[in-house]
Every structure is written in structure tokens, then in C-alpha cells.
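# Notes for the structure review
Listed below are the residues making up each chain.
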Amino acid sequence: MRTQNKILAEIVVAKGGTVTDPQNRNSLLQDWLSAISYVRRYFVTLDPVLNSYYSLSTPTTYTNNSSDSFDFSFISTGTMIVLGAGSSPEGFFIGFEGGKLLVGNGVNRVVDSLLVNDGKLHTLYWSISSGIFSVNIDGLTRYSATLSATLPKTINDFGRQDGSSSFYFEGILSNKKFTDSSGNTFTFALNQETSNTETAAEGGNSVTYVGIPTTNRGEFTFVDGSWVGNDLAVNGDFDTDSNWTKNSNWSIFNGNAVSDGSSSGLIYQNLSRPPVYQVSVSVSSVSAGGIQFYDGAAYSTSISVTGVSVFNVLNENSSYGFFTLRTNNGVSAEIDNVSVKQILEVA
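Since we're looking at a predicted model, the values are computed, not measured.

Here is what the cut-offs are and how they apply
- Residues numbered from 1 in each chain as written.
- Predicted model: local features only at pLDDT ≥ 70, side-chain atom pairs only at ≥ 80, totals over all residues.
- Heavy atoms only, no water.
- Helix = DSSP H or I, 4+ residues; strand = E, 2+ residues; numbered from the N terminus.
- Buried < 20%, exposed > 50% of the residue type's maximum accessible area, 1.4 Å probe, protein only.
- Areas by Shrake-Rupley, 256 points an atom, 1.4 Å probe, with all protein chains shown as cover.
- Contact = heavy atoms within 4.5 Å.
- Phe/Tyr/Trp six-rings, centres within 6.5 Å; stacked < 30°, edge-to-face > 60°.
- Pairing = 2+ DSSP bridges.
- Polar contact = N/O pair within 3.5 Å; in protein donor to acceptor, adjacent residues only side chain to side chain.
- Axes fitted to C-alpha atoms, helices over the stretch in contact; angles between N-to-C directions.
- Core = buried A, V, L, I, M, F, W, Y, C linked by side-chain atoms within 4.5 Å.
- Salt bridge = Lys/Arg side-chain N within 4 Å of Asp/Glu carboxyl O.
- pLDDT = per-residue confidence, 0-100.

## Some remarks on the overall build of the protein
Looking only at helices and strands, the protein has two helices and 26 strands in total. Structurally, the protein occupies a C-alpha span of about 70 × 45 × 30 Å along its principal axes. In the protein, which comprises 347 residues, the proportion classed as buried is 44%. Looking at the protein as shown, the accessible area adds up to about 15800 Å², and 49% of this sits on carbon and sulfur atoms.

Printed below as a string of C-alpha cells:
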């Protein structure tokens with residue numbers, strides 16, 4: 001029979017919290033209060049293969065004394081346009097190239113020196129004031145020059161060059177806020193779980209999600225300065241002998257993944273690893289040599305201690321569609337839990 005404490009503990013976990021003492025009612029209530037106090041939201045990943053972008057119902061008209069801001073996260077080194085009108089180099093646009101800010105001011109096409117393709121959540125703010133076009137990233141000015149493009153510029157799309165069939169953005173865009181020359185603002189969180197339309201927080205405009213399936217929308221919880229996604233690993237607690245492919249030295253038994261040390265080998269599962277993700281491995285026992293996981297290009301340093309080890313990992317090869325653990329010949333180990341969660345560290 002499920003006791004009240006057991007039910008409360010299940011609620012805490014369902015809300016994304018941590019149970020500190022499953023037998024203590026007061027402790028469980030505190031765990032529940034902590035869990036529901038977390039800030040949660042959905043982030044949407046734009047995929048250029050799917051031609052993903054956002055389309056405004058009423059185009060934005062950029063004039064002198066207007067401004068715009070948005071948050072972004074990506075790891076690509078390709079050329080990507082977030083918003084813009086006209087063709088390069090004569091066009092007016094903001095994007096990224098080689099992992100750096102790319103700006104078109106109407107005459108020149110300028111690439112910044114600062115790499116920002118680290119998978120963190122950055123904030124970009126730009127403005128046109130008295131004919132000066134300025135772009136800031138995380139509060140620091142990265143570009144400032146006279147705008148040569150003819151104003152006004154009317155832009156309908158966000159996440160690609162306006163009306164273009166190329167240079168789509170690859171990654172996350174959120175919290176777009178446009179302010180016109182009269183001080184009117186239109187703010188979009190870009191956080192819809194299932195809907196393909198979103199109305200501006202102030203009303204008066206809306207945006208359509210184009211080429212964005214619900215599978216590209218993930219729930220995140222704000223914890224200690226980072227947005228952490230839900231667990232992507234299936235059967236990460238090894239409750240059943242399923243979902244994992246095992247070499248001969250590995251088995252799943254009594255809620256543990258067990259390496260018997262008889263040979264080198266892998267235990268892995270199909271998993272689309274995010275650009276930056278947090279790996280948590282709970283180890284019950286391990287002999288000298290330790291346990292390693294694969295980032296798509298190389299194996300990690302060995303986990304050679306018991307308890308929970310946590311790592312933030314950059315996906316070095318997105319075409320490698322697995323999460324993989326390895327032990328070498330002679331290494332015996334027991335793992336009781338593995339989790340893989342996308343993480344967006346706020347820059």
C-alpha cells in the first residue's frame with residue numbers, strides 16, 4: 001500500500017525536486033515547497049534541416065531610435081542569420097558566422113572576434129540611435145558604427161534572413177523584445193510547449209512557429225544559475241533489463257548496471273545528445289581504472305570514486321546518436337543511476 005509519505009515523495013519527484021528524507025513528513029513538505037518554487041519554462045530548438053523559424057503576423061519596422069533584444073544559444077560554426085533584410089553585404093542583418101557575431105550595416109559585412117558558440121545562454125541587445133547602429137552581447141559592446149542601410153527596414157522573420165531559403169539559425173532563440181521609436185514594445189518568450197502561435201505579452205502582435213515540431217521543445221528548470229532540461233536517458237535507474245545495449249562484460253541486475261571486469265566493453269543506448277549536456281553517474285562500487293563516458297569524439301577522464309559524479313559536456317559530434325559508458329579489461333563496477341540532461345548555463 002502506498003503511504004501518504006510515499007505519495008508525497010512521488011509528487012516531489014514529479015515536480016522535479018529532490019527527496020531528502022522519505023520518512024519525515026515535515027522534510028517532505030519542505031522538499032515539495034522547494035520543488036514548486038523552481039522557475040520552469042520551455043525552450044525551443046530551431047533546426048535548419050527543418051527550415052525552422054518564427055514569422056510575425058505584423059512585420060517589425062526598424063527605424064531610428066528603435067531597439068531589439070533576444071537570448072541565444074548555439075554551438076554551430078556555420079553562417080546563420082537571426083534577422084535581416086536585403087542581401088549581403090548591402091543588407092541590414094544580425095547573425096553569426098564561425099561562432100562569432102555577424103553584422104551587416106548596409107555597406108559592410110563585419111565579423112566580431114569573440115566566440116559565443118559555447119552553448120551558453122547569451123543576451124544580445126542592439127539599437128539604432130541617432131544613426132548609430134550598436135550591438136551588445138552580455139552587456140559588452142561588440143559593434144558600433146554609423147548605419148548605412150536605408151531606413152525604415154521592415155522585417156517579418158526571426159531565425160532566418162527575411163524571406164530567404166538559406167542561412168537559418170541553428171540553436172535556441174528566446175525572450176525577443178522589440179521597442180519602436182515611440183516606445184511601444186512587443187515581447188515574445190518563445191516558449192510554447194505545443195502551440196504554433198504565440199501572442200506578444202503586450203498584445204497587438206503574434207508570432208507563428210514555422211517548421212518547429214513539439215519534439216524540438218523541451219521543459220527546463222532554473223537551478224543555480226542554469227536552465228536544466230528533463231532527463232533524456234531511458235531506464236537510467238536500471239530498474240529493468242531494457243533500453244541499454246550491453247557488451248559481454250556488462251549486465252543489468254537488481255537495479256544496477258554491472259561490469260564484471262572480464263573484458264573491455266560498452267553499455268549504451270540510442271540518445272540524441274544536446275549541444276551541451278549534464279551527465280550524472282551514481283556509482284555504488286568501482287575498481288581501479290574507473291568508468292568513462294563518450295562525448296562523440298573522445299572518452300572522458302575515468303570516474304574512479306563512489307557516489308554521484310556530475311559533468312557538463314560539450315557535444316563534440318552531434319551525428320553520434322548514442323550515450324555510451326565504457327570500462328576497460330579488469331575494471332569491475334556497479335552503477336545505480338545515470339542521467340543525461342541538456343543544460344543552458346546563463347552567460
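## Focus: the environment of Val 346
Locating Val 346 in the fold gives a position in the segment after strand S26 (332–345). Taking C-alpha positions, Val 346 is 5.9 Å from Lys 120, a pair spaced 226 residues apart along the chain. Those residues in contact with Val 346 that lie beyond four places of it in its chain are Leu 121, Phe 222, Gly 225, Ser 226 and Trp 227.

## Brief notes about the packing of aromatic side chains
As enumerated under the stated definition, the model contains 26 aromatic pairs in all. Consider the rings of Phe 70 and Phe 158, whose centres lie 5.5 Å apart with planes at 75 degrees: the pair is edge-to-face. Here Phe 70 is found in strand S3 (residues 66–73), whereas its partner Phe 158 is found in strand S11 (residues 153–158), with 88 residues between them in sequence. On the accessibility criterion, Phe 70 (1% relative accessible area) is buried. Given the relative accessible area of 3%, Phe 158 is considered buried. An aromatic cluster is built from Tyr 54, Phe 70, Phe 72, Phe 74, Phe 96, Phe 158, Phe 169 and Tyr 209, whose rings are joined through pairwise contacts.

## Focus: the sheet that holds strand S23 (residues 291–293)
Pairing is antiparallel across the open sheet formed by four strands, whose spatial order is S18-S21-S25-S23. Every other strand in the sheet has two partners, leaving strand S18 (245–246) and S23 as the edge strands with one partner each. Sheet topology note: the S23/strand S25 (residues 322–327) ladder contains three bridges and is antiparallel. The residue of S25 that forms the bridge with Ile 291 is Thr 327.

## Observations concerning the side chain of Ser 66
When you line up the elements, Ser 66 lands in strand S3. A polar contact of 2.6 Å, which involves the side chain of Ser 66, links it to the backbone oxygen of Thr 63. Not counting residues within four places of it along the chain, the set of residues in contact with Ser 66 comprises Ser 127, Ile 128, Phe 178, Thr 179, Asp 180 and Ser 181.

## Some details on the side chain of Ser 339
Tracing the backbone through its elements, the reader meets Ser 339 in strand S26. Among all residues touching Ser 339, those that are not within four sequence positions of it are Asp 231, Ala 233, Gln 278, Val 279 and Ser 280.

## Brief notes about the sheet that holds S11
To summarise the sheet geometry, strands pair through backbone hydrogen bonds and adopt either a parallel or an antiparallel arrangement. Taken together, the four strands give an open sheet; going across it, the order is S11-S2-S15-S14, and neighbouring strands pair in antiparallel fashion. Among the strands making up the open sheet, the edge pair consists of S11 and strand S14 (197–199). Across the sheet, the axes of successive neighbouring strands diverge by a mean angle of 25 degrees, strand direction being ignored. Where strand S2 (residues 53–62) and S11 come together, five bridges link them in antiparallel fashion. Bridging across to S11, Thr 61 finds its partner in Thr 154.

## Re the nonpolar core
As a rule of thumb, nonpolar side chains are buried together in soluble globular proteins. With 38 residues, the main nonpolar core has Phe 72, Phe 96, Leu 124, Trp 126 and Phe 133 as its most contacted residues. Here this core gets four residues from one element, more than from any other, and that element is strand S4 (residues 80–85). Apart from the residues within four sequence positions on either side, Phe 133 is in contact with Phe 92, Ile 94, Val 103, Gly 104, Asn 105, Trp 126, Ser 127, Ile 128, Tyr 143, Ser 144, Ala 145 and Leu 147. Among the nonpolar cores identified, the runner-up in size contains 23 residues, and Ala 233, Val 281, Ile 291 and Leu 325 belong to it.

## Overview of the pattern of salt bridges
Within the structure shown, the criterion is met by six salt bridges. A salt bridge links Lys 176 to Asp 68; the shortest N-O distance between them is 2.6 Å. Linking Lys 176 in strand S12 (residues 171–179) with Asp 68 in strand S3, this pair joins segments that are 108 residues apart in sequence. Taking the relative accessible area as the measure of exposure, Lys 176 reaches 5% and is therefore buried. Residues Arg 142 and Asp 112 are paired through a salt bridge, measuring 2.7 Å at the closest nitrogen-oxygen approach. Here Arg 142 is found in strand S10 (residues 140–146), whereas its partner Asp 112 is found in strand S7 (residues 109–115), with 30 residues between them in sequence. Note on Arg 142: relative accessible area 26%, which makes it partly exposed. Residue Asp 112 is classed as buried on the basis of its relative accessible area, which comes to 13%.

## Some points on the confidence of the model for the protein
Regions with low pLDDT should not have their predicted coordinates read in detail. The predicted model of the protein averages 91 in pLDDT, with 93% of residues at 70 or higher. Here helix H1 (residues 4–14) stands out as the element of the protein with the lowest mean pLDDT, 69, in contrast to S18, whose mean of 98 is the highest.

## Here's the deal with the pairing of strand S22 (residues 276–286)
Judged by how many residues are buried, S22 sits mostly within the fold: eight of 11 residues are covered. Taken together, the eight bridges between S22 and strand S24 (residues 307–314) define a ladder with antiparallel strand orientation. Residue pairing across strands places Ser 280 opposite Val 310, the latter belonging to S24.

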